[in-house]
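Listed here are the chains, written in short residue letters.
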Amino acid sequence: MKILKGFTPFLPLFVLTLILHFFLTPGLILLKIGLLNGTAEGLSKGLFFSARIFLLVLSAMLFGFTTSPFDFADSLSNFFFRFKSETLREIPMITIFVFRFIPFMFRESKKAVMAQKARCGYIRIGKDVFSLVFPIIHSSIVKAEQLALGLHSKAYQVGEKRTMIKEFKFSLNDYYFISYSVIPIVVAIFVG
């Protein structure tokens, strides 16, 4: 059910891809609407590219359902620490901050909307935007300050190697999964 709900925002993209290919690809005409000609080649191309987008979205959703954000950030940390650049080494920490702040921002925006509705019952676009945005920005700054104090109290240093509670090591199953993931990508690139 979660997967089906996740596809609803992408339905317009699938339909738009199909329609654009159907009407803009030259070939054997199946349907004529004014100046637009729907072709058989366009229909097959539209279905093919819509299926590719569908599989891309499906794989991203499955990755999100099966991998916790912090495991993903830890694996990124192990990968990026091999580089000399301190900026690249901080990418995993930035992703952890993003994973922490996105739900926080959603909660704060819901609180602001509910508070505004409690005051006047409705929200006017334009006039009530400041009263919605200001509390969200304020609480984000407070949360960021708390996070900075927490990092400072734990003696966080930019570019330093951090230890992990759980060390990740590649196993044979990981190599199987990598080959299973790479083969469809290669097929999609060279077949398309």
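Keep in mind the model is a prediction, meaning the values are calculated, not measured.

Chemist: What should I look at first to understand the packing of helix α2 (residues 11–24) against helix α3 (residues 40–66) in this one?
Modeler: Helix-helix packing is described using two parameters, namely the angle between the two axes and the distance between the axes. The interhelical angle for the contact between α2 and α3, taken along N-to-C directions, is 155°, at an axis separation of 7 Å. Taken together, the axes of α2 and α3 lie roughly antiparallel to each other. Of the two elements, α2 crosses α3, and the hand of that crossing is right-handed. Across from L13, F14, T17, L18, H21 and F22 in α2, the residues of α3 making contact are G42, L43, K45, G46, L47, F49, S50, I53 and F54. Residues that form the contact of α2 with α3 fall into these classes: 9 nonpolar, 5 polar and 1 charged.

Chemist: Is there a simple way to explain helix α4 (residues 69–80) in this structure?
Modeler: Along its 12 residues, α4 runs 16 Å from first to last C-alpha, staying within 8% of the 16 Å computed at 1.5 Å per residue. Within α4, burial applies to A73, D74, L76, S77 and F80. Around the axis of α4, the buried residues are gathered within 160° of arc, so they sit on the same side.

Chemist: It is not clear to me how the pattern of salt bridges should be interpreted in this structure. Could you clarify?
Modeler: In a structure, side chains of opposite charge can pair up when their charged atoms sit close to one another. Under the criterion given, the structure shown has 1 salt bridge. Linking E108 and K111 is a salt bridge whose minimum nitrogen-to-oxygen distance equals 3.5 Å. Taken together, the positions of E108 and K111, both in helix α6 (residues 91–120) and 3 residues apart, correspond to about one turn of that helix.

Chemist: Honestly, the pairing of strand β1 (residues 29–33) in this entry has me stumped. Any pointers?
Modeler: A regular strand places its side chains so that they alternate between the two faces of the sheet. Here β1 pairs with strand β2 (residues 36–39) via 4 bridges, running antiparallel. In the strand pairing of β2, I29 is matched with T39. Taking the residues between adjacent antiparallel strands as the criterion, β1 and β2 are bridged by 2 residues, where G34 takes a positive phi near 60°.

Chemist: Would you take a moment to explain the environment of T95 for this structure?
Modeler: In this structure, T95 sits in helix α6. T95 sits 18 residues away from S77 along the chain, and the two C-alpha atoms are 9.9 Å apart. Ignoring sequence-local partners within four residues, the contact set of T95 consists of A73 and L76.

Chemist: Is there a simple way to explain the packing of aromatic side chains in this structure?
Modeler: Given two aromatic rings, their pairing is described by the distance between the two centres and the angle made by the two planes. In this structure the tally under the stated criterion is 4 aromatic pairs. A centroid spacing of 5.4 Å and a plane angle of 75° characterise the contact between F48 and F49, whose relative ring orientation is edge-to-face. Note on F48: relative accessible area 34%, which makes it partly exposed. Take F49: its relative accessible area is 27%, and that puts it in the partly exposed class. Judged by centre distance (6.0 Å) and plane angle (85°), the rings of F101 and F104 are edge-to-face. Here F101 pairs with F104, and both are found in helix α6, just 3 residues apart, close to one helical turn.

The rules behind the values
Residues numbered from 1 in each chain as written. Predicted model: local features only at pLDDT ≥ 70, side-chain atom pairs only at ≥ 80, totals over all residues. Heavy atoms only, no water. Axes fitted to C-alpha atoms, helices over the stretch in contact; angles between N-to-C directions. Helix = DSSP H or I, 4+ residues; strand = E, 2+ residues; numbered from the N terminus. Parallel < 35°, antiparallel > 145°, perpendicular 65-115°, else oblique. Left-handed = near helix turned anticlockwise from the far one by under 90°. Contact = heavy atoms within 4.5 Å. Nonpolar A, V, L, I, M, F, W, Y, C, P; charged D, E, K, R; others polar. Expected span 1.5 Å × (residues − 1). Buried < 20%, exposed > 50% of the residue type's maximum accessible area, 1.4 Å probe, protein only. Arc of directions from axis to C-beta. Salt bridge = Lys/Arg side-chain N within 4 Å of Asp/Glu carboxyl O. Pairing = 2+ DSSP bridges. Phe/Tyr/Trp six-rings, centres within 6.5 Å; stacked < 30°, edge-to-face > 60°.

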